[in-house]
Amino acid sequence: RQLAAFIACLFLIVREEDVHLSSSTCMLLRAPGRTLVTVALLACSWAIGVCCASHTACIMIKRTSAQERRLSSDTVVESLSTLRQERDGSDVKQIPCVDASQLSYETWWKEYMFANKPVIISGITADWGSRGWVRPCETCNRIDCNMSRPDLELLEKMFGEDDVSVAYCAEKYFSDQRREDMKLKDFLKEWKEVASAQGCAASCSSEDQDSRGRSPADELGDLRQAHGQVCGGLQGLKLPYCKDWHMARLHPGSNAYQLPSYFSEDWLNDYWDGYPALGDDYRFCYLGPRGTWTPLHRDVLRSYSWSANIVGRKLWILYSPSQEEFLKNRRGDLVWDVLNDVDRNEFPQFDKAQAIYVVQRAGEAIFVPSGWLHQVVNLVDCLSINHNWINSCNIQEATRQMIIDHQLVKASISDCSHDVEFPSICERMLNAHAGMNFQQYHHFLSHTASNELASLQSGSSSSHEGDIALGC
């Protein structure tokens, strides 16, 4: 631990004013300077990761029950001994569902987060204020029923003036869907138009007993035809999906949910919280009608993500990192939609890819590990709360992805490589592509290392202790 802390301290000596990763002196990103920066980033991420994973053995984690749980040093030592082993998920065949009351932090850390394996955790949202944003089923009066819906009138009254990003699911735009920025109230108006055209396809869970025990394969079989119609522009519907709504940042006092301790070691959002003037974070709400969906993708910077369903059911189609090569064409582009007919001429290895299907229900949170590809479809009207985060268990993957993204950016504009402004152009493009550039990523690592070293010296934890009430 002391060696790791020492290496992190060495990196901290090289601060922004010394590295000069600014647009005017970004020539360091050319070889051999770029190699120096790359090695420094990797060394720092390794040092911070090992240092903090070791430190985790000494800190107390407070659960929602207010009981203190210690992550044993044996668990950390055993887990760190697997660092050289592949965590590509090739051995995962199905995704378990574990009740939060039966899941200790130590088990979560060892078997899922550090092991980089997905899991669904039930019983997460029972006390969340956002459950009040749901209109219960009129038949059974439950909010976890198939017929429960987000209360659109209440959401408009509370948040109608919020600026949101809306994706139109039937319209492909490069590797994403076409998006528009608008007020939430305008998005909800479009949703109501879609709902009127769609009609009702769900039945009450209390009347449709089979719906509870249906497998993901059953859900998928019913979905393919409807999804194909959606992608084909069924009835001319635009099918809007509100994504990346920063409600937590816009409404810090709404107390919509409490951050579970499993997800509390969050360096990424801690960084943004430390610099509010930057006006960003990775806490989102997703809100959309039946049939809306997200194309196949991997989360930014190979970050972890968790998504908790407040109401509705989602079908998740996941591919472990070991399957990625089968899902790309010769240019390195991913399949856009795995549910529609995939062109085998363009994606000749697609049939070799092994997908894992799972249905997430209301009140459940799914953990998507670093580097896992996923496509998500809302089987009914849905409202979910999502976070992306980075910590000691995946900081190395995030750093490697930053370097890979920079190489991709350089290759895409290689014809401009002789331009004196080429490094600064790469930095701007990297920021647009990955959400950060090298300069900001260095600042993020420095900020994190400073906080973690300070916590080591004080003998406390810089991670959140206990559940944290967030305004979203």
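Before any of the text, the structure's been laid out above.
Bear in mind that the values here come from a model prediction, so they are computed numbers and not experimental data.

Quick look at the overall build of the protein now. Of regular secondary structure, the protein possesses 13 helices and 19 strands. Within the protein, residue pairs in contact and separated by at least 24 positions form 80% of the contacts whose partners lie at least 6 positions apart. Put simply, the protein shows about 20700 Å² of open surface, and 49% of that area lies on carbon and sulfur atoms.

All right, on to unusual backbone geometry then. Not every positive phi belongs to a glycine, and aspartate 244 is a case in point at roughly 55°. Examined against the element boundaries, aspartate 244 turns out to sit in strand E9 (residues 240–245). The backbone phi angle of asparagine 255 is positive, close to 50°, even though this residue is not glycine. Inspection of the secondary structure puts asparagine 255 in the loop between helix H9 (247–250) and strand E10 (257–259).

Time to look at the nonpolar core. The biggest cluster of nonpolar side chains holds 49 residues, and the ones touching the most others in it are Trp108 and Leu287. The contacts of tryptophan 108, once residues within four sequence positions are left out, are Leu103, Met113, Val119, Ile121, Tyr262, Phe263, Phe367 and Trp389. Ranked by size, the runner-up nonpolar core spans 48 residues in total, among them Trp272, Phe326, Ile413 and Cys426.

Remark: helix H11 (residues 395–412) packs on helix H12 (residues 422–434), axes separated minimally by 9 Å, with the N-to-C direction vectors making an angle of 120°. In terms of orientation, H11 lies oblique with respect to H12. H11 and H12 meet at a crossing whose hand is right-handed. Along the contact surface, H11 presents Met402, Asp405, His406, Val409, Lys410 and Ser412, while H12 presents Phe422, Cys426, Met429, Leu430, His433 and Ala434. Looking at the contact of H11 with H12, its residues break down into seven nonpolar, three polar and two charged.

So, about the environment of serine 90. Tracing the backbone shows serine 90 in the loop between helix H4 (73–80) and strand E3 (97–99). The spatial distance from the C-alpha of serine 90 to the C-alpha of tyrosine 319 is 9.3 Å, given a sequence separation of 229 residues. Apart from residues lying up to four places away in sequence, serine 90 is in contact with Ser320 and Ser322. For serine 90, the side chain forms a polar contact with the side chain of aspartate 88, separated by 3.0 Å.

What follows concerns the sheet that holds strand E15 (residues 356–360). The four strands lie next to each other as E12-E17-E14-E15, forming an open sheet whose pairing is antiparallel. Looking at the sheet topology across the chains shown, the edges are occupied by strand E12 (293–297) and E15. Strand after strand, the sheet turns through a mean of 15° between neighbouring axes, direction not considered. Judged from the three bridges that link them, E12 and strand E17 (residues 373–378) form a sheet pairing that is antiparallel. Among the inter-strand pairings, tryptophan 293 is bridged to a residue of E17, identified as valine 377.

Conventions adopted
Just so you know, the residues in each chain are numbered from 1, in the order the chain's sequence is written. It should be noted that, the model being predicted, local features are given only for residues of pLDDT at least 70 and side-chain atom pairs only at 80 or more, the latter also being counted only at that level, while totals for whole chains, interfaces and linings use all residues. Each side-chain value is worked out from all heavy atoms of the structure, with water and hydrogens disregarded. Only DSSP runs of H or I reaching four residues or more are called helices, and only runs of E reaching two or more are called strands; each is numbered from the N terminus. Note on contacts: a residue pair is in contact if any heavy atoms of the two residues lie within 4.5 Å. A 1.4 Å probe and the Shrake-Rupley method give the accessible areas. Residues count as covered only by the protein chains that appear here. By nonpolar core is meant a set of buried Ala, Val, Leu, Ile, Met, Phe, Trp, Tyr and Cys residues that side-chain atoms within 4.5 Å join together. A 1.4 Å probe rolled over the protein chains alone gives each residue an accessible area, and that area as a share of the maximum for its type sets the label: buried under 20%, exposed over 50%, partly exposed in between. The convention used is that axes are lines fitted to C-alpha atoms, helices contributing only their stretch in contact, and that angles between N-to-C directions extend from 0 to 180 degrees. By the definition adopted for this analysis, an angle is roughly parallel if under 35 degrees, roughly antiparallel if over 145, roughly perpendicular if from 65 to 115, and oblique otherwise. Left-handed describes a crossing in which the near helix is turned anticlockwise from the far one by less than a right angle; the clockwise case is right-handed. Amino acids outside the nonpolar list (Ala, Val, Leu, Ile, Met, Phe, Trp, Tyr, Cys, Pro) and the charged list (Asp, Glu, Lys, Arg) are all regarded as polar, and Gly is one of them. Here a polar contact means two N or O atoms within 3.5 Å. Within protein one must be a hydrogen donor candidate and the other an acceptor candidate, and residues neighboring in sequence count only if both atoms are side-chain atoms. A pair of strands is labelled paired if DSSP reports no fewer than 2 bridges between them.

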